[in-house]
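Residue strings, one per chain:
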Amino acid sequence: MERQALYFTGPRQVALVNETLPSPAVGQVLVKTLMSAISPGTELLVYRGLAPADLARDETITALAGDFSFPLTYGYAAVGQVLELGPGVAPAWKGRLVFAFQPHVSHFLATPDELLEVPDGLNPEAALFFPNLETALTLLLDGRPLIGEQVAIFGQGIVGLLLTALISRWPLSSLVTLDLYPRRRLLSEALGAHLSLDPSTPEAMARLAAALQATGRCPGADLCYEISGNPAALDQAIAATGFSGRVVIGSWYGLKRSDLNLGGRFHRSRMRLVSSQVSSIAPELTGRWNKTRRYQVTWQMLTEVQPARFITQRFPIAQAAQAYELLDHHPEDAIQVILTY
């Protein structure tokens, strides 16, 4: 059968390509994609040509084998319906609604163990947020927030908003978020942030410092998250973190360089910089937090957070170029953009 596949063909260039897909082999199923989500972080780095060409796209996902050299398919959030079964697949898979870590394609072949069944009652659009909410959960596990702590989150894109929705459930002393765009800041406060600031304003860091000392506790944040995708924000996060605090770095900068000021207070602060990555989990947690448990909690939190409300635009796959142009040139107007098939 014929399918449409979205290819990144060069910096800021995408094309729809018709490809022939064989019938499902032994142990495979054919899935028709209903919708897929564009990652406004990692995927925009690919779109802009800022992903290291020789880096593996993902070493744990079969559909993302290969590197970031052009041309390539990319994307990792697709919801679809199982259309056909190959030999040896249980009949119960026929017609199931599933999530898959797949690029933007109209149809794909997969084995059942590469698919996640969408729980009954969960909106299919909410299921698109599975990888981003799993990322937010991993950020929580790596940051380990404690009762009464002062927390700052730099970046309120979709991962930042999901993290805010989760961490606001903690009995924190203060939760301050920072983002360039008013729409995201308003939503952040609606999700539970005590205050949301524009980091580009001259008084932002002073207001952040004041908010983190308002309760009379030790000055500075106990825990900062940098998930803005802007390397300059990491320097701000370090500056905002107090003695023996933690900075969890969830951004992937690609080819962008980070210029850090580590010659002043940082040297004596004993703070920790923590790299967070969703494709693995901190070794000290693996005894009890395996992938199955992480996935179960992610589905549960998707049901509670109901993130489909964060979708701001829907584009048919034929208009994918317009979707990427919007995210590239007018990020202030978009939170989550999805493609429909």
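The text that follows walks through the structure, step by step, so that each part is easy to find. In this text, all values refer to a predicted model and were calculated from it rather than measured experimentally. (Residues numbered from 1 in each chain as written. Predicted model: local features only at pLDDT ≥ 70, side-chain atom pairs only at ≥ 80, totals over all residues. Heavy atoms only, no water.)

Right, let's get into the overall build of the protein chain. Within the protein chain, the secondary structure is distributed over ten helices and 15 strands. Based on the C-alpha atoms only, the size of the protein chain along its principal axes is roughly 65 × 40 × 35 Å. Out of the 341 residues in the protein chain, the part that is buried amounts to 52%. The centroid of the 27 positive side-chain charges in the protein chain is displaced by 6 Å from the centroid of its 30 negative side-chain charges. (Helix = DSSP H or I, 4+ residues; strand = E, 2+ residues; numbered from the N terminus. Buried < 20%, exposed > 50% of the residue type's maximum accessible area, 1.4 Å probe, protein only. Lys, Arg positive; Asp, Glu negative; His and termini not counted. Charge placed at Lys NZ, Arg CZ, Asp CG, Glu CD.)

This part covers the nonpolar core. Counting residues in hydrophobic clusters, the biggest one holds 69 residues, and the most contacted among them are F99, Y225, W299 and F310. With eight residues, helix α4 (residues 158-167) is the largest single contributor of residues to this core. Apart from the residues lying within four places of it in its own chain, the contact partners of Y225 are L139, L140, G143, R144, P145, V151, A152, I153, F154, L163, I167 and V248. By size, the runner-up hydrophobic cluster in this structure holds 20 residues, among which are F154, A211, L212 and A233. (Core = buried A, V, L, I, M, F, W, Y, C linked by side-chain atoms within 4.5 Å. Contact = heavy atoms within 4.5 Å.)

Glancing now at the pattern of salt bridges. Summed over the entire model, instances satisfying the criterion amount to ten salt bridges. Its salt-bridge partner being E284, residue R144 comes within 2.9 Å of it at the nearest N-O pair. Here E284 lies in the loop between β13 (272-275) and α9 (291-305) and R144 lies in the loop between α3 (130-143) and β8 (150-154), a separation of 140 residues in the sequence. With a shortest N-O distance of 2.8 Å, E149 and R246 are connected by a salt bridge. (Salt bridge = Lys/Arg side-chain N within 4 Å of Asp/Glu carboxyl O.)

For the pair helix α6 (residues 204-213) and helix α7 (residues 231-240), interaxial distance at closest approach is 11 Å and the crossing angle is 35 degrees. You can see that α6 and α7 cross each other, and the crossing is right-handed. Where α6 approaches α7, its residues M205, L208 and L212 are matched on the opposing element by Q236, A239 and A240. In terms of residue class, the contact of α6 with α7 is built from five nonpolar, one polar and no charged. (Axes fitted to C-alpha atoms, helices over the stretch in contact; angles between N-to-C directions. Left-handed = near helix turned anticlockwise from the far one by under 90°. Nonpolar A, V, L, I, M, F, W, Y, C, P; charged D, E, K, R; others polar.)

Note on placement: T73 falls in the loop between α1 (42-47) and β4 (78-85). Look at T73 and you get buried, because its relative accessible area is 13%. Those residues within four positions of T73 in sequence are excluded, and the remaining contacts are L6, Y7, R57 and P103.

All right, on to α9 then. For α9, built from 15 residues, the straight-helix expectation of 21 Å at 1.5 Å per residue is met to within 8% by its first-to-last C-alpha distance of 21 Å. Of the positions making up α9, those classed as buried are R294, Y295, T298, W299, M301, L302 and V305. End-on view of α9: buried residues confined to an arc of 165 degrees, all on one side of the axis. Packing partners of the buried residues in α9 comprise β5 (97-100), β7 (115-117), α2 (124-127), α3 and α4. The positive-phi residue at the C-terminal boundary of α9 is Q306, with phi of around 50 degrees. (Expected span 1.5 Å × (residues − 1). Arc of directions from axis to C-beta.)

Looking at the element boundaries, S196 is found in strand β10 (residues 195-197). Placed ten residues apart in sequence, S196 and L186 show a C-alpha to C-alpha distance of 7.5 Å. Ignoring anything within four residues of it in the chain, the contact list for S196 reads T177, L178, R185, S188 and E189. Of the polar contacts made by the side chain of S196, one reaches the side chain of T177; its length is 2.7 Å. (Polar contact = N/O pair within 3.5 Å; in protein donor to acceptor, adjacent residues only side chain to side chain.)

This part is about the pairing of β8. With respect to burial, β8 is a largely interior element, five of its five residues being buried. Taking every second residue as pointing to the same face, both faces of β8 are buried, with Q150, A152 and F154 on one and V151 and I153 on the other. Relative to strand β9 (residues 174-178), β8 is paired through five bridges, and the arrangement is parallel. Within the sheet, the bridge partner assigned to I153 lies in β9 and is T177. As for the winding sense of the linkage, the β-α-β connection from β8 through α4 to β9 is right-handed. (Pairing = 2+ DSSP bridges. Right-handed = clockwise from strand over helix to strand, strands pointing away.)

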